[in-house]
Amino acid sequence: MDNRADVREFLMSRRAKLTPEMAGLPAGTGRRVAGLRRSEVAMLADVSVEYYAKLERGAIAGVSAGVLDAVARALQLDDTERAHLFDLARAADGIPVSGRPRRRATRSPAARPSLHWALEAFTEGVAVVRNAQSDVIAFNALGRAFYSPLIGDGGRTPNFARFQFLDPASRDFYPDWDLFADMCVAMMRAEAGRDPHNRALQDLVGELSTQSDTFRRLWGAHDVRTHGAGTKRFQHPVVGELTLAYEEFAITAEPGHVMLVYTAEPGSPSAERLRLLASWAADRPAPLQTITENS
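The structure displayed is predicted, hence computed values, not measured ones. Residue numbers restart at each chain and count upward from 1, following the sequence in its written direction. Residues qualify for local features only when their pLDDT is at least 70, as the model is predicted, and side-chain atom pairs are given and counted only at 80 or more; totals for whole chains, interfaces and linings, by contrast, use all residues. Hydrogens are left out, water is left out, and the side-chain values use all remaining heavy atoms of the structure.

A. Representation of the overall build of the protein chain. Tallying secondary structure elements over the protein chain gives 14 helices and 5 strands in all. Accessibility here uses a 1.4 Å probe with only protein chains present; expressed as a share of the type maximum, an area under 20% marks a residue as buried, one over 50% as exposed, and anything in between as partly exposed. Across the 295 residues of the protein chain, 48% fall into the buried class. Contacts are assigned to residue pairs that have any heavy atoms within 4.5 Å of one another. Of the contacts made within the protein chain by residues no fewer than 6 positions apart, 57% connect residues no fewer than 24 positions apart. Runs of H or I in DSSP of at least four residues are treated as helices and runs of E of at least two as strands, each being numbered from the N terminus.

B. How the structure looks around helix α1 (residues 3-17). With 15 residues, α1 extends 21 Å between its outermost C-alpha atoms, agreeing within 8% with the 21 Å of an ideal straight helix rising 1.5 Å per residue. Listed in full, the buried residues belonging to α1 are Asn3, Ala5, Asp6, Val7, Phe10, Leu11, Ser13, Arg14 and Arg15. Tucked into the core, α1 has its buried residues touching α2 (38-45), α3 (49-56), α4 (65-74), α5 (79-93) and α11 (177-194). The opening residue of α1, the one whose side-chain oxygen lies 3.3 Å from the backbone nitrogen of arginine 4, is aspartate 2. Multiplying one less than the number of residues by 1.5 Å gives the expected span of a helix. Pairs of N or O atoms within 3.5 Å make up the polar contacts considered here, provided that, within protein, one atom can donate a hydrogen while the other can accept it, and that residues adjacent in sequence are counted only when both atoms are side-chain atoms.

C. Expanded view of the pattern of salt bridges. Here, a salt bridge means any Lys or Arg side-chain nitrogen found within 4 Å of an Asp or Glu carboxyl oxygen. With the rule as written, the count across this model stands at 20 salt bridges. Note that arginine 144 is salt-bridged to glutamate 120, the shortest N-O span being 3.7 Å. One end of the pair, arginine 144, is in helix α7 (residues 141-146); the other, glutamate 120, is in helix α6 (residues 113-120), with 24 residues separating them in the sequence. Glutamate 120 gets classed as partly exposed once you look at its relative accessible area, which sits at 30%. Between arginine 130 and glutamate 191 there is a salt bridge, and its shortest N-O distance comes to 3.8 Å. Here arginine 130, found in strand β1 (residues 126-130), pairs with glutamate 191, found in helix α11; they are 61 residues apart in sequence, far enough to count as distant. One network of salt bridges, with partners in common, ties together Arg14, Lys17, Glu81 and Asp223.

D. The arrangement of the sheet that holds strand β3 (residues 229-236) in detail. The strand order across the open sheet built from 5 strands is β2-β1-β5-β4-β3, with neighbouring strands paired in antiparallel fashion. Of all strands in the sheet, those bounded by a partner on one side alone are β2 (136-139) and β3. Pairwise comparison of adjacent strand axes, ignoring direction, gives a mean angle of 30 degrees for this sheet. Every axis corresponds to a line fitted to the C-alpha atoms, with the helix fit spanning only the stretch in contact, and the corresponding angles, defined between N-to-C directions, vary from 0 to 180 degrees. Most of the contacts of α6 go to β2, to which it runs at about 60 degrees, and overall it touches β1, β2 and β5 (258-263). Only strands joined by at least two bridges in the DSSP assignment are considered to pair.

E. Molecular detail of the side chain of serine 209. Along the polypeptide, serine 209 turns up in helix α12 (residues 199-211). Once residues lying within four places of it in the same chain are set aside, the contact partners of serine 209 are Phe215 and Arg216.

F. Quick look at the pairing of β5. Counting buried residues along β5, 5 of its 6 residues qualify, which places the element largely inside the surrounding structure. Pairing of β1 with β5 involves 5 bridges; the strand directions are antiparallel. Bridging from a neighbouring strand, valine 129 pairs with methionine 259 of β5. Across 6 bridges, strand β4 (residues 240-250) lies against β5 in antiparallel orientation. Along β5, the bridge assignment pairs alanine 245 with threonine 263.

Right, dumping it as structure tokens:
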């Protein structure tokens, strides 16, 4: 990733979204830019116009946390956007976000038996593990059944982003496809800011930018977000519509890997359909799936 370009485009895109009224400034007349002017952001951040213009050109290396905080406040960044700005600054300084030297994993965490035992302990919910570039590297039994459209014939490591933008089946599986697309790209942007040296993520961005106009447009928006928790709708080919709550858990033994767990409200139609899907999966046994990353 080009850190200077990412900084420049991120700051410009946030400035363009903030109107004078939102910032408590008079709108005036004869404005030729969308959102705030550089001079207005500089005033709100209490830095010189020249200094802010330097930041917006991408020269963010060595900038103090105090200045970054002031810029974040001036641009009214939310917590995820603020974290992304700090990630970009750390990358410019050459500091690994994890605080320890970067190393290539010699073994996929999906090969660790205890991870599969933990996944299979979730018997009434969908549980999957993904890495920073959205590869799905492990499932529980219900997760394999639930994500059967994503897994396909098993010839390639399943990937949320590749499925979202390159597989027509995703439009059937995700009733709220546009919302899912926005979320997918915004999470990838956040991951790219946290680890700009992730070559697999860079390659995925290049692939999707080449093959999907929608991905290319969303990537250019520089929106960022984290997954966290919430509710999503799905249209499963076996059991129909499901409304599921999700929670995301960081796997501390493997930085960048997270476990996603989807559950249904007890007593709801979706809970009954999940049980039906589990029953369907039990009649179609599959070996424990171990996926080698970057396969």
